[in-house]
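# A look at the structure
What follows is each chain in one-letter form.
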Amino acid sequence: IRMSFCRFLPILVFSLLLAACGRDSNVEQNQSGASSEDVKKETAEAYEALEAYARNKKDHFVEQAEATLKSYEERVEELKARAEEASGEAKEKIETAMGEWDEKRQALNEKIEEMKAASAERWQKLEKQIDAAMKELKELYDQARSAFS
């Protein structure tokens, strides 16, 4: 996702530079035959397209994160039910992991909510944080599940 956005960033910068070069309203056309107004219009369209692309990528990422989290929540509920039947060290291991899991899940939910309203620059940073938090949740889930092995 980040790489696709990064490929479009140079295009946006180049387009904005072209628009800045064409600010002189007395110049009717450049060498290619396009007027400065055409360049400005195309730059605006390119920017809007890039912005829409980034927004779609962010929305898709949020949907995937929420679906993955929901899947983990369902599996964790099953583990918690099994933990009720466990005893001794296994039960303690599961309860410890699930306590940490609940805290990390809450923090992840907050990051996902923050991402929904984030700017393009901010959501790229949040994307890395959410990926890392998902990995931590998986590790805690695996740790709790291993108590039954």
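Residues numbered from 1 in each chain as written. Predicted model: local features only at pLDDT ≥ 70, side-chain atom pairs only at ≥ 80, totals over all residues. Heavy atoms only, no water.

## Quick word on helix 4 (residues 120–146)
Worth spelling out the cut-off: Numbered from the N terminus, helices here are DSSP runs of H or I no shorter than four residues, and strands are runs of E no shorter than two. To estimate how far a helix should reach, multiply one less than its number of residues by 1.5 Å. A simple rule labels every residue: compare its accessible area, found with a 1.4 Å probe on the protein chains alone, to the largest value its type can have, and call it buried under 20%, exposed over 50%, or partly exposed in between.
Helix length check: helix 4 (27 residues) gives 39 Å between terminal C-alpha atoms against 39 Å at 1.5 Å per residue, within 8%. Taken together, the buried positions of helix 4 are W123, Q124, L126, E127, I130, A133, M134, L137, L140, Y141 and A144.

## As for the environment of R55
For R55, the position within the fold is in helix 2 (residues 36–85). Given a relative accessible area of 42%, R55 falls into the partly exposed group. Along the sequence, R55 and K116 sit 61 residues apart, while their C-alpha atoms lie 9.6 Å from each other.

## Topic: the nonpolar core
One broad trend across soluble globular proteins is that nonpolar side chains are buried collectively. Under the convention used in this document: To form a nonpolar core, buried Ala, Val, Leu, Ile, Met, Phe, Trp, Tyr and Cys residues must be joined to one another through side-chain atoms within 4.5 Å. Two residues form a contact once any of their heavy atoms are found within 4.5 Å.
By size, the foremost hydrophobic cluster in this structure holds 26 residues, and its most contacted members are L69, M98, W101, L108, I112, M115 and I130. Looking at this core element by element, the count peaks at nine residues for helix 4. The residues touching W101, leaving out its near neighbours within four places in the chain, are L69, Y72, E73, V76, L137, L140 and Y141.

## Some remarks on the pattern of salt bridges
Pairs may arise between side chains of opposite charge once their charged atoms sit close together. How we decide: Whenever Lys or Arg places a side-chain nitrogen within 4 Å of a carboxyl oxygen from Asp or Glu, that contact is recorded as a salt bridge.
If you walk through the whole model with that rule in mind, you get nine salt bridges. K80 is paired through a salt bridge with D102; the nearest N and O atoms lie 3.3 Å apart. Pair noted here: K80 is in helix 2 and D102 is in helix 3 (residues 88–116), with a separation of 22 residues, a long-range link. Classification of K80 by relative accessible area gives partly exposed; the value is 25%. The class for D102 is partly exposed, based on a relative accessible area of 27%. Here E113 ties to K116 by a salt bridge, and the two come within 3.0 Å at their closest N and O atoms. With E113 and K116 both in helix 3 and three residues apart, this pair spans about one turn of that helix.

## Looking at the packing of helix 3 against helix 4
Two measures define how a pair of helices packs: the angle their axes make with one another and the distance between the axes. Rule in force here: Throughout, an axis means a line fitted to C-alpha atoms (over the contacting stretch in the case of helices), and angles, computed between N-to-C directions, take values from 0 to 180 degrees. Working definition: roughly parallel below 35 degrees, roughly antiparallel above 145 degrees, roughly perpendicular at 65 to 115 degrees, and oblique for all remaining angles. By definition, any crossing whose near helix is turned counterclockwise from its far helix by less than a right angle is left-handed, and any crossing with a clockwise turn is right-handed. Each residue gets one of three labels, nonpolar for Ala, Val, Leu, Ile, Met, Phe, Trp, Tyr, Cys and Pro, charged for Asp, Glu, Lys and Arg, and polar for the others, Gly among them.
As a packed pair, helix 3 and helix 4 sit with axes 9 Å apart at the nearest point and diverge in direction by 165 degrees. Taken together, the axis directions place helix 3 and helix 4 in an arrangement best described as roughly antiparallel. In the packing of helix 3 onto helix 4, the handedness of the crossing is left-handed. Here the contact of helix 3 with helix 4 is built from residues that sort into 16 nonpolar, three polar and nine charged.

## Let's talk about the environment of E127
Along the chain, E127 turns up in helix 4. Between the alpha carbons of E127 and M115 there is a distance of 8.0 Å; along the sequence they are twelve residues apart.

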